[in-house]
Amino acid sequence: MPESAFVGKILYLCANLEMINRMDYTKLPRYFVFKDRKDIDEYDVQTITPEYERLLKSIGEKPYDGFKTMDQQMFEAVESSAIVQLDGARKYVCDIFNTAHYITTLILMEQHPMLNFRTYLDKADEVGAEHGRKDPNHIPLQGMTMALVYNYLLTLNPRYLNMVDFAEKLENYFSSRFTPSDAISYSMGGKMEHSVAQAILAEQLFNKNLLTLEECQALAIKIKDFQPRPIGEVLQESNYEDIYWHLDYICECMQKLPSEKRIDTPELAAQVIWRTAHEALQGAMPDAAKDVRRMVSIALERLGLSGFPEELALELEGISLTEEEQAPESAENDPEREKEKTIQELQDRLKEAEEKVRELQQRLDSAENSAEEVEKWEQVAEREKKEKEDMIVELLLPIFFTIEKDVRDFLEEVKGLDDTQITALVRKWVKLRKISGQSKKRKLWSVLHAARLYHSTESNWNSQV
């Protein structure tokens, strides 16, 4: 392939695959990142025999339309391997290509891909089986899958992955599962444990099918096959639970959209949430219905859409009415009063924790020169500080849509800020839909004030946020 075309690949990837990287993309549902093909022929793998290729060239025709593709090259490699001798080879081969494309896409999304090295291997180890399971032939299938991953990456030249280091770690991984004497015995047809023989075969499949950089540059590759799926396409296949648990990623993707699509996408998400929540509410027990209502409310508020369609609103309200009939509303079981009571109890606990920390610090300051005594009180004080921080997080979770990482990130940013800077930060986080607009005033102020992070009055807070 001409050098200019190869450089074009790199520039295209740099422009389209850079993500914000606030999260571990390997934790996303697979369909969020990659759409599996149902059959191997959905990839550009059609190949011809060497004899027919020579015949075409002899009459002046190109054997391929333009460059030979990477998928064609790797399909030929798979066809000439022991994998085609397995029962159900067609499904195995399709799953190898699907998983290799999926892993490659994940690696291109990450700014620190080597931190997930073990996870990539685990995903390749599930080829041919359902998520979390392993096929009887999983070991050699993993070897061939990672060979494809390596070749795709070598062609695409990822910005954040050292390919030499990546190849070395892969080779060490595959060769570490058997001894040199095992390899000699295997080559001579000696008897050995099935798992050892499978490990040797995996290592051979991996190393035998690695391409050089020059070979990769001579092959065409479809960049779009290694881009994360468009978020609109993902949402159409999603449900209220997946949307709720992965709001950070969805919001991240929406921020990268053109302005006109950025308006339409939350509406699409809302439609999916409403439809799938309606299905979940059919015959749901009261506790399950509460979870649905909570997830739907948080997801819609985070997306900037707090309303419900009339049908779903009545359905949710109907469940509430049923619960109220079972337990008549009173001052004691009023949900809002219960929340206020819980907040007050937690704030009281927080004050107690502060007193403990102060007391322990005094003991530490007055401790004798005994190193053991000083270390003892330091450990106790550190433990109390940790419990206090966890208590603050517990208080703030409902205000931050129950996303613990956001709470801890917020507390880290607040450190060292004055009151004016804190309220400015809150306004910013409300705009980013990380803080509930309904809870940004008294509830948030009361927690930060009790924790001695914000010192001004509540009226001052309300005027600022």
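Cut-offs used in this document
Residues numbered from 1 in each chain as written. Predicted model: local features only at pLDDT ≥ 70, side-chain atom pairs only at ≥ 80, totals over all residues. Heavy atoms only, no water. Helix = DSSP H or I, 4+ residues; strand = E, 2+ residues; numbered from the N terminus. Buried < 20%, exposed > 50% of the residue type's maximum accessible area, 1.4 Å probe, protein only. Contact = heavy atoms within 4.5 Å. Areas by Shrake-Rupley, 256 points an atom, 1.4 Å probe, with all protein chains shown as cover. Polar contact = N/O pair within 3.5 Å; in protein donor to acceptor, adjacent residues only side chain to side chain. Arc of directions from axis to C-beta. Salt bridge = Lys/Arg side-chain N within 4 Å of Asp/Glu carboxyl O. Axes fitted to C-alpha atoms, helices over the stretch in contact; angles between N-to-C directions. Parallel < 35°, antiparallel > 145°, perpendicular 65-115°, else oblique. Left-handed = near helix turned anticlockwise from the far one by under 90°. Nonpolar A, V, L, I, M, F, W, Y, C, P; charged D, E, K, R; others polar. Core = buried A, V, L, I, M, F, W, Y, C linked by side-chain atoms within 4.5 Å. Phe/Tyr/Trp six-rings, centres within 6.5 Å; stacked < 30°, edge-to-face > 60°. pLDDT = per-residue confidence, 0-100.

Here the focus is the overall build of the protein chain. Assigned secondary structure in the protein chain consists of 23 helices and zero strands. The 465 residues of the protein chain split such that 46% are buried. The long-range fraction of contacts in the protein chain, counting pairs at least 24 apart against all pairs at least 6 apart in sequence, stands at 73%. Working note: accessible area of the protein chain is about 25200 Å², and carbon and sulfur atoms make up 51% of it.

We now examine the side chain of Ser 81. By the secondary structure assignment, Ser 81 is in the loop between α4 (70-79) and α5 (89-109). A polar contact is formed between the side chain of Ser 81 and the backbone oxygen of Val 78, at a distance of 2.7 Å. Among residues more than four places away in sequence, those in contact with Ser 81 are Met 144 and Leu 205.

Let us now look at helix α6 (residues 117-124). Buried residues of α6: Phe 117, Tyr 120, Leu 121, Lys 123 and Ala 124, and no others. Buried residues in α6, looked at end-on, bunch into an arc of 160 degrees, giving them a common side. Tucked into the core, α6 has its buried residues touching α5, α7 (138-156) and α8 (163-175).

All right, on to the pattern of salt bridges then. Side chains that carry opposite charge are capable of pairing whenever their charged atoms lie near each other. In the structure shown here, the tally under the stated rule is 20 salt bridges. With its nearest N and O atoms 3.1 Å apart, the salt bridge here joins Arg 37 to Asp 225. Of this pair, Arg 37 sits in the loop between α2 (30-33) and α3 (50-58) while Asp 225 sits in the loop between α11 (213-217) and α12 (231-236), placing them 188 residues apart in sequence. There is no split in this pair, since Arg 37 and Asp 225 are both buried. One salt bridge in this structure joins Arg 229 and Glu 237, with 2.7 Å as the shortest N-O distance. We classify Glu 237 as partly exposed; its relative accessible area is 38%. Here the salt bridges share partners, and the residues they tie into one network are Lys 35, Arg 229, Glu 233 and Glu 237.

Here the focus is the packing of α5 against α6. Helix-helix packing is described using two parameters, namely the angle between the two axes and the distance between the axes. Orientation of α5 relative to α6, taken along the N-to-C sense of each, is 165 degrees, at an axis distance of 10 Å. Viewed along their axes, α5 and α6 adopt a mutual orientation that is roughly antiparallel. Crossing geometry of α5 relative to α6 is assigned as right-handed. Here Thr 99, Tyr 102, Ile 103, Leu 106 and Ile 107 of α5 lie close against α6, whose contacting residues are Tyr 120, Lys 123 and Ala 124. In the contact of α5 with α6, the residues fall into six nonpolar, one polar and one charged.

Grouped together as the largest cluster of nonpolar side chains are 98 residues, with contacts concentrated most on Phe 97, Met 146, Phe 166 and Tyr 249. Not counting residues within four places of it along the chain, the set of residues in contact with Phe 166 comprises Ile 107, Met 114, Phe 117, Met 146, Val 149, Tyr 150, Leu 153 and Leu 161. Of all hydrophobic cores here, the second largest spans 24 residues; its members include Ile 399, Leu 411, Tyr 454 and Trp 461.

Topologically, Leu 411 is positioned in helix α20 (residues 404-414). Of the residues examined, Leu 411 reaches a relative accessible area of 11% and is grouped as buried.

This part covers the packing of aromatic side chains. Counted under the stated rule, the structure contains 14 aromatic pairs. A connected cluster of aromatic rings, assembled from ring pairs, spans Tyr 25, Tyr 31, Phe 32 and Tyr 249.

Looking at the protein chain, pLDDT values average 81 and 77% of them are 70 or higher. When the criterion is pLDDT under 50, residues 1-20 qualifies, and its contacts beyond four places in sequence or with other chains add up to 46 contacts. Confidence drops under pLDDT 50 across residues 317-333; counting only partners more than four residues distant or on other chains, this segment forms 13 contacts.

A word on the packing of α8 against helix α10 (residues 194-208). Between α8 and α10, whose axes approach to 8 Å, the crossing angle comes to 155 degrees. By the criterion of interaxial angle, the relationship of α8 to α10 is roughly antiparallel. Crossing of α8 against α10: the hand is left-handed. Here Leu 170, Glu 171, Phe 174 and Ser 175 of α8 come into contact with α10, specifically with Ala 199, Ala 202, Glu 203, Phe 206 and Asn 207. Residue classes in the contact of α8 with α10 are distributed as five nonpolar, two polar and two charged.

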